[in-house]
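Summary of the model geometry
Next come the chains, spelled out residue by residue.
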Amino acid sequence: MKKFCFLIFLIPLLLGAEPREARRVSSLAKTTATDYNNYTTVGQIGMTITNFGLLGEGWNNPDQPSCRYKQYADIQQNEVEHFSYAGLWIGGVVKGSKRVTTSIVDGVFDYGAQGFEISTSKNPADTIKIKSSLTTDKYFSPKATSHQDFICDYNDFDPVVNHQPMGIRVHQESYAWSYSFADAFVILDITIYNESHLMDEGGSGWDIENLFAGIWADASVANMNYTSIYEPGGGFTWYDNLDGFDQTLFDPNPDDNHAGYARDIAYQYDKDGDNGYAQSYIGFRILGNSQVPRTKWDSYYRQWVWSSSSNMDYPNYIMPVDDDQRYQFMQESVPINPGGTGYNSNGYPNQEDSWIFLLSGGPFGAEPTNIDSTNWVLHPGDSVRIAMAVTCAQWGNNSLTDNEERKSLLYANSDWAQKAYNGEDRNGNGILEPDEDSNNNGKMDRYILPAPPPSPNLKVISESNKITLYWGKHPESVPDPLTRQKDFEGYRIYAHRKTASESNSQWSLLAQYDLKNELGYNTGFDYIRIKSFEADGMDEDSCYYKIIDKDTVYYKYVNTNVKSGWPEKYVYSVTSFDSGDPTTGLKSLESNKINNRTYVISGKKPQQSEFSDKVGVYPNPYKGRTTWDGYGERDRMIWFYNLPDKAKVKIFTISGDLVDEFEHNSASYDGSDISRLNEISQSNKIVFSGGEHAWDLITKWDQAVASGLYIFTVKDMDSGNVQRGKFLIVK
């Protein structure tokens, strides 16, 4: 798809604002064991998470998302970025003085400056740790909370100019899921420890009163396929956004006597949606905490124009400049003016600009200091655990006016984040009631979602014109985490969509198989079971199985008539789905296709005998460009086929000059030496047949080859036998 580029004249900056482009001078500079390289990959939000309280990577690297939704989009129109940076703020009162520790503030990009006040360990190995509850994931751990946990610790102990540390250490965990109903949010779960006794010369430390925690966001909703910050003159602008604070009611359990509570979502959107390319919301929400009852804390919202400490149009919408103002902003929402001049019906500015916003919650602490529990304290050695959610959502309609119907998907996605946090606390009142303790352990268990059975561990075999899928039956024995019932119903087999005229879905359903019961099609699994003649054995349930790469598989599906050599054309996934829960009205849930999504390139298997089958090249002749080529000179590609397991390939001009050479190993070939294939393999698994190897038509001198007739030799490294052939390139 073409990238549409427009030149945008920047709106004049408000009084006191510095040029917005200063925001992207470089990556943030830190001297300790920083970790910028991790971003969530299991769901539709690709969000960079660091080990020092910062989110996003500043749009410095086009290959790494800051906060991109949908990162696995079917069409580029849906690949929307939402912020360059966001960061944690923690405030409290120490010895009568207001202190706020921040991971980032407007215009500060260098560690050691006021506003960039969180420290990581100086141990180079102390970076983000990863866990996953997915049994097929390489980071699988039975102790994982979600499908992708990022875990780290940081503190504010190091001295910073003009900043008084609070003496806190933060243990941060982030959670992301791949379920189709829960793939649009990431939860940040932070435990704040008062470790001031480690900083106090007397060793006694100090109390932190009325602690507040929140997120500062440098949001700007934009689609880099439409207006790109990475291209000079690409049309990107910071100045076309509007913000809001949604306080509509959320009732997690409408059937009980609890009325629910306000959503309190701080959000931003592109004002006009960029011709359909940026019709998306970014929203933040405080989900709860471990000690303070829900009725004793609240959420607060502020917004201001980037680096603007004064604003003639909106006098209350200004940037806080010191800890006193920052703490005040964290415990008081900005005054609103519904329907006033320059304001929308909800009371927030209707003038698009480069808006920053801050969402905070509190007061928090380990115990109350007054009888009505409105003031709380965190003593040295105490801790409090607080959860927040980052949520994205497409507009619910095409209206250019922000309204509840347009925010319907934002509500749905954010509410699922709240339900995930609530876990067994289904009514959200913070009290574990007898009928809520589903596992009878006597304590409140959070982060429990209704779940489909996990996706099976998929094994894929590539052959000429044929792709074979194998998988095991582990999903059939996994109980639902909420009901504790084994509700597995069947499998669905997907491949890449067949034609461009189909719906916007990336996938075509090839087949579905389900149990023979009163639900579904009752096909049974006989058609896909491993048959006796190809089995390696039989288990105690009299089911035949095979062993592939040390994994046991019971099912097999063959897709035929596939074309050889096509990158990105053949993508496969096998999902599991359950029966749903008729008693609660919950529909059947299906595992995410992303979990075992596998790209496959069909081709010849490697020769195993005397290297007697003829080696060849396709397409031959190569005429200018094949359909599978990309747009760049390095995105061209031809294939050598019928190669042995280990081979050395040399390419010569007709006059005998060496053009290029490479070695082939069927066991390790991954296409990484070819730009076209390397782009796919960076974030996806590719399966090759083993008997083919791509060449990008680039010489050993890093130049594109010219038109002409070329000769090649292929040497079997095991037998020493050599074959020769030729191919024609016409540009």
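In this report, we go over the structure that sits alongside the text. As the structure is a computational prediction, the values presented were derived from the model and not from experiment.

What follows covers the overall build of the protein chain. Within the protein chain one finds three helices and 39 strands. Taking 731 residues into account, the globule formula puts the C-alpha radius of gyration at 27 Å, and the protein chain, at 29 Å, falls close to it. Taken over the C-alpha atoms alone, the protein chain extends approximately 90 × 60 × 55 Å along its principal axes. Residues counted as buried form 55% of the 731 residues belonging to the protein chain. Sequence separation of 24 or more characterises 66% of the internal contacts of the protein chain that already satisfy a separation of 6 or more. For the protein chain, the exposed surface amounts to about 30,900 Å²; the carbon and sulfur share of it is 48%.

The subject of this paragraph is the pattern of salt bridges. Summed over all chains, the structure comprises 21 salt bridges. For E534, the salt bridge goes to K556, with nearest N and O atoms at 3.0 Å. Pair noted here: E534 is in the loop between β24 (507-514) and β25 (537-538) and K556 is in strand β28 (residues 555-560), with a separation of 22 residues, a long-range link. For K556, a relative accessible area of 23% gives the class partly exposed. For D702, the salt bridge is made with R634, and the minimal N-O distance between the two is 2.9 Å. You can see D702 sitting in the loop between β37 (693-695) and β38 (708-716) and its partner R634 sitting in the loop between β32 (622-623) and β33 (638-641), a full 68 residues away along the chain.

What follows concerns the sheet that holds β28. One open sheet holds the three strands; their spatial order is β21-β22-β28, and the pairing between them is antiparallel. Two strands bound the open sheet, and with one partner strand each, they are β21 (458-463) and β28. Each adjacent strand pair in this sheet contributes to an overall mean axis angle of 15°, direction not counted. The pairing of β21 with strand β22 (residues 466-471) spans six bridges and is antiparallel. Within β22, the residue paired with E463 across the bridge is K466.

Rules behind the numbers
- Residues numbered from 1 in each chain as written.
- Predicted model: local features only at pLDDT ≥ 70, side-chain atom pairs only at ≥ 80, totals over all residues.
- Heavy atoms only, no water.
- Helix = DSSP H or I, 4+ residues; strand = E, 2+ residues; numbered from the N terminus.
- Rg over C-alpha atoms; globule rule 2.2 N^0.38 Å.
- Buried < 20%, exposed > 50% of the residue type's maximum accessible area, 1.4 Å probe, protein only.
- Contact = heavy atoms within 4.5 Å.
- Areas by Shrake-Rupley, 256 points an atom, 1.4 Å probe, with all protein chains shown as cover.
- Salt bridge = Lys/Arg side-chain N within 4 Å of Asp/Glu carboxyl O.
- Pairing = 2+ DSSP bridges.
- Axes fitted to C-alpha atoms, helices over the stretch in contact; angles between N-to-C directions.

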